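# Overview (structure and organization)
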Amino acid sequence: MSRSRPLAALAEPLVAAASGLAGAPVDGVLERPSDAERGDDATTVALQLAKKLGRPPREVAEELATSMSGSEALAGAPEIAGPGFLNLRVSDDWCADALADLLDAGVDYGGGSAPKAERVQVELVSANPTGPLTVGSARNGAYGDSVARLLEFAGHDVEREYYYNDAGSQMERFRASVEARRRGEEPPEDGYHGEYIAELAKVDGDPVPGMLERIENTLERFRISIDSWERQSSLEVEIPAIVEELETYEADGAVWIRSTAFGDEKDRVLIRSQDRGGLPTYEAADAVYMRKKFARGFDRLIYVLGADHHGYVPWLKALAGACGRDSDAAEVLIYQLVHLMEEGEAKRVSKRRGDVVLLEELMDAVGVDAARWYLVMRGHDQTIDIDVQLAAERSSANPVHYVQYVHARTSAIFREADGAPVMASAYADLGDAERDLVKRLVEFPDVVAEATERRGPHAITVYAVRVADDFHRFYHHHKVLQKHFEAVTPEQQGFRLALCRATQSVIARCLDLVGVESPDRM
């Protein structure tokens, strides 16, 4: 069943008629035809029932059409096409009811889709503090934060956490690189060589706190607020106690966790053998960390990791089982690489060599809004190539600008409206562009619910562009304000203002879900 009440009302007569014929519940699947001449919605349910009932599809379609012809949601009986397709055209009253439903819900329209609210932790970015955040970490942050926003909108209680390694060989090389600069020397060959190392060397003391402060400031500018920070050094002291609680065994002088018992592809070493230093592995820290997360009351743990962490997926799910939870309580979202394209060439990223492409530089070049949009406009399983010149443009060719302009345009309309009444009441003979915009807007609850379930915020950007397309067509074909166009009746003005208000609300929510602002003026 659709999560949108108007769409559910549209499907109800189809479901009732089809279920009556089948003698059992049948889902009424409605699809928007690619050709608007075929109606507003279409269904192949007659073809599916005909096979089950052993009857000609068109005969079944005719019976369904007769049963549905009295529906107030439809403008007349469904049209039968081809071998048994049913094409439906919604009534003007349905459009008005759908618009009123959206306006009544206000900013909450499309929210609360979670069947059961959970406490969810999203661990995101988690880049070691050995340098400023790169565009690779930026994709992690933009994607993870958008997933968190979707989950919050669905009704979950979400916390964002940043985990960083403040000990180990990488941090030793980082500190050694800064110390070398302080002595006027070049950093070690395997150290870090960016300009930021020279900047950190100007300040006495441990460079890690200064680097962390810069990272936090960058994230705040990028509109990611971290709720909690976790350090690896704080976990390491708890490793011996946690290892004792897990199902382990000794082999080749090392301590192993029997993770294959919980679905892992191999058992993992927790404590290395003495001839390899006898130190805990990263997996041991993972075990402590996950135990602490569940102990803090989270129902679901989401890890946002880069493409080189595919092998971690079975490990973290098995670890959830070892902690006494269902493996599905740990989700691992793997995102692919991101390339900045300048004059057709991609810049390579390397913190150590210093030829880095920083998140700060990206925001300086294209702005925060474009950076957030472009980093989630493709599915996380796809590599992203960002055309910096296009992302910096303030024109309709730039999708984020194109969508934001709808919010600015509707805001301008309401400034000009001088408080004119907004009325979700259909007037005679709604125009096609008006009907198309209503139909697009009522798709939002389903779109956002599916994007949440699939952890796919890119679907929000795709949908927002479609809303913008439909709004621009509406605005091109229909005048809104009577004071500027005398031919506009009060009823038309009220309905069109309602359409503008609903569009403004949905666009604002779409932009917020991906961390982009909704400007009132552009």
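My aim in this report is to walk through the structure given alongside it, one point at a time. Just so you know, the residues in each chain are numbered from 1, in the order the chain's sequence is written. Totals for whole chains, interfaces and linings use every residue, but because this is a predicted model, local features are given only for residues with pLDDT of at least 70 and side-chain atom pairs only at 80 or more, for both listing and counting. In computing side-chain values, all of the structure's heavy atoms are included and hydrogens and water are not.

A few words on the overall build of the protein chain. Every helix listed is a DSSP run of H or I at least four residues long, and every strand listed is a run of E at least two residues long, numbered separately from the N terminus. Looking only at helices and strands, one finds 20 helices and 14 strands in the protein chain. For the protein chain, the spread of C-alpha atoms along the principal axes amounts to about 80 × 55 × 40 Å. Considering the protein chain as a whole, with its 522 residues, one finds that 51% of them fall into the buried category. Residues are treated as being in contact if the distance between any of their heavy atoms lies within 4.5 Å. Expressed as a percentage of contacts within the protein chain between residues at least 6 apart in sequence, the contacts between residues at least 24 apart total 70%. Reported accessibility uses the Shrake-Rupley method at a 1.4 Å probe radius. Residues are deemed covered only where the shown protein chains occlude them. If you sum the accessible surface of the protein chain, you get close to 23,600 Å²; carbon and sulfur atoms cover 47% of it. The charge count includes Lys and Arg as positive and Asp and Glu as negative, but it does not include His or the ends of the chains. Charged side chains are reduced to one point each, which is NZ for Lys, CZ for Arg, CG for Asp and CD for Glu. With 59 positive and 88 negative side-chain charges, the protein chain shows a spacing of 1 Å between the two charge centroids. Accessibility here uses a 1.4 Å probe with only protein chains present; expressed as a share of the type maximum, an area under 20% marks a residue as buried, one over 50% as exposed, and anything in between as partly exposed.

Next up on the list: the pairing of strand E6 (residues 228-231). The alternating pattern of E6 places Ser228 and Glu230 on a buried face, while none of Trp229 and Arg231, on the opposite face, is buried. Between any two strands, at least two bridges found by DSSP are needed for them to pair. Relative to E6, strand E5 (residues 157-164) runs parallel, the two sharing four bridges. Each residue of the ladder has a partner; that of Tyr164, found in E6, is Arg231.

Next up on the list: the packing of helix H1 (residues 5-22) against helix H4 (residues 92-105). Helix axes are fitted only over the stretch in contact, all axes being lines through C-alpha atoms; the angle between N-to-C directions runs from 0 to 180 degrees. Running from N to C, H1 and H4 point in directions that differ by 150 degrees, and their axes come no closer than 9 Å. Contacts between H1 and H4 involve Arg5, Pro6, Leu7 and Leu10 on the former and, on the latter, Trp94, Asp97, Ala98 and Asp101. Following the grouping adopted for this structure description, the nonpolar residues are Ala, Val, Leu, Ile, Met, Phe, Trp, Tyr, Cys and Pro, the charged ones are Asp, Glu, Lys and Arg, and the polar ones are all others, Gly among them. Looking at the contact of H1 with H4, its residues break down into five nonpolar, no polar and three charged.

To qualify as a nonpolar core, a set must consist of buried Ala, Val, Leu, Ile, Met, Phe, Trp, Tyr and Cys residues joined through side-chain atoms within 4.5 Å. Ranked by internal contacts, the top residues of the largest apolar core, which has 126 residues, are Leu64, Trp94, Phe174, Phe222 and Trp373. With 11 residues, helix H20 (residues 490-513) is the single largest residue contributor to this core. Beyond its immediate chain neighbours, meaning those up to four positions away, Phe222 contacts Ala138, Ala142, Leu359, Met363, Val368, Ala371, Arg372 and Leu375. Leu235, Val255, Val288 and Tyr303 belong to the second largest nonpolar core, which has 31 residues in total.

It is worth spelling out the environment of Glu172 at this point. Inspection of the secondary structure puts Glu172 in helix H6 (residues 169-182). For Glu172, a relative accessible area of 56% gives the class exposed. As for Glu172 and Thr130, which are separated by 42 residues in sequence, their C-alpha atoms are 9.7 Å apart.

What follows deals with the packing of aromatic side chains. Only Phe, Tyr and Trp rings take part, Trp by its six-membered ring, and two of them pair if their centres are within 6.5 Å. Stacked means planes under 30 degrees apart, edge-to-face means over 60, and tilted covers everything else. Evaluation of the coordinates by the stated rule reveals 11 aromatic pairs. For the ring pair Phe153 and Phe444, a centre distance of 6.4 Å and an interplane angle of 45 degrees mean the geometry is tilted. Taken together, the positions of Phe153 in helix H5 (residues 135-154) and Phe444 in helix H18 (residues 444-453) put the pair 291 residues apart, joining distant regions of the chain. Residue Phe153 is classed as buried on the basis of its relative accessible area, which comes to 11%. Ring pairing ties together the aromatic residues Tyr109, Phe153, Phe444 and Tyr463, which thus form one cluster. Remark: a charge is flagged as sitting over a ring if the NZ atom of Lys or the CZ atom of Arg is within 6 Å of the ring centre and within 35 degrees of the ring normal. Taking NZ or CZ as reference, Lys293 lies 4.1 Å from the ring centre of Tyr289, over its face. A cation sits over an aromatic face here: Arg372 above Phe222, 5.3 Å from the ring centre.

Now for helix H12 (residues 312-322). Three or more residues of H12 are buried, namely Trp315, Leu316, Ala318, Leu319, Ala320, Gly321 and Ala322. Those residues of H12 that are buried lie in contact with strand E8 (254-257), strand E9 (268-271), helix H11 (282-295), strand E10 (300-306) and strand E11 (330-335). Phi turns positive, to about 85 degrees, at Gly324, one or two residues after H12.

On to the pairing of strand E7 (residues 248-251), then. Across four bridges, the pairing between E7 and E8 is antiparallel. Opposite Glu250, over in E8, you have Val255 as the bridge partner. From the end of E7 to the start of E8, which pair antiparallel, there are two residues, and Asp252 there has a positive phi angle of about 55 degrees.

Here the focus is the environment of Tyr335. Mapped onto the secondary structure, Tyr335 falls in strand E11. Looking at Tyr335, the relative accessible area reads 11%, which means it is buried. Linking Tyr335 and His472, residues 137 residues apart in sequence, is a C-alpha distance of 33 Å. The contact partners of Tyr335, leaving out residues within four places of it in the chain, are Gly136, Arg139, Asn140, Val304, Leu305, Gly306, Ala307 and His380.

In this section: the packing of helix H19 (residues 458-477) against H20. Contact geometry of H19 with H20 gives a least axis separation of 10 Å together with a crossing angle of 155 degrees. Taken as axis vectors, H19 and H20 run roughly antiparallel relative to one another. Crossing hand, H19 versus H20: left-handed. Across the interface between the two elements, Ile460, Tyr463, Ala464, Val467, Phe471 and Phe474 of H19 pack against Arg496, Leu499, Cys500, Thr503, Val506, Ile507, Cys510 and Leu513 of H20. Any angle that is under 35 degrees is reported as roughly parallel, and any over 145 degrees as roughly antiparallel; angles of 65 to 115 degrees are reported as roughly perpendicular and all others as oblique. Each crossing gets its handedness from the near helix: less than a right angle anticlockwise from the far helix is left-handed, clockwise is right-handed.

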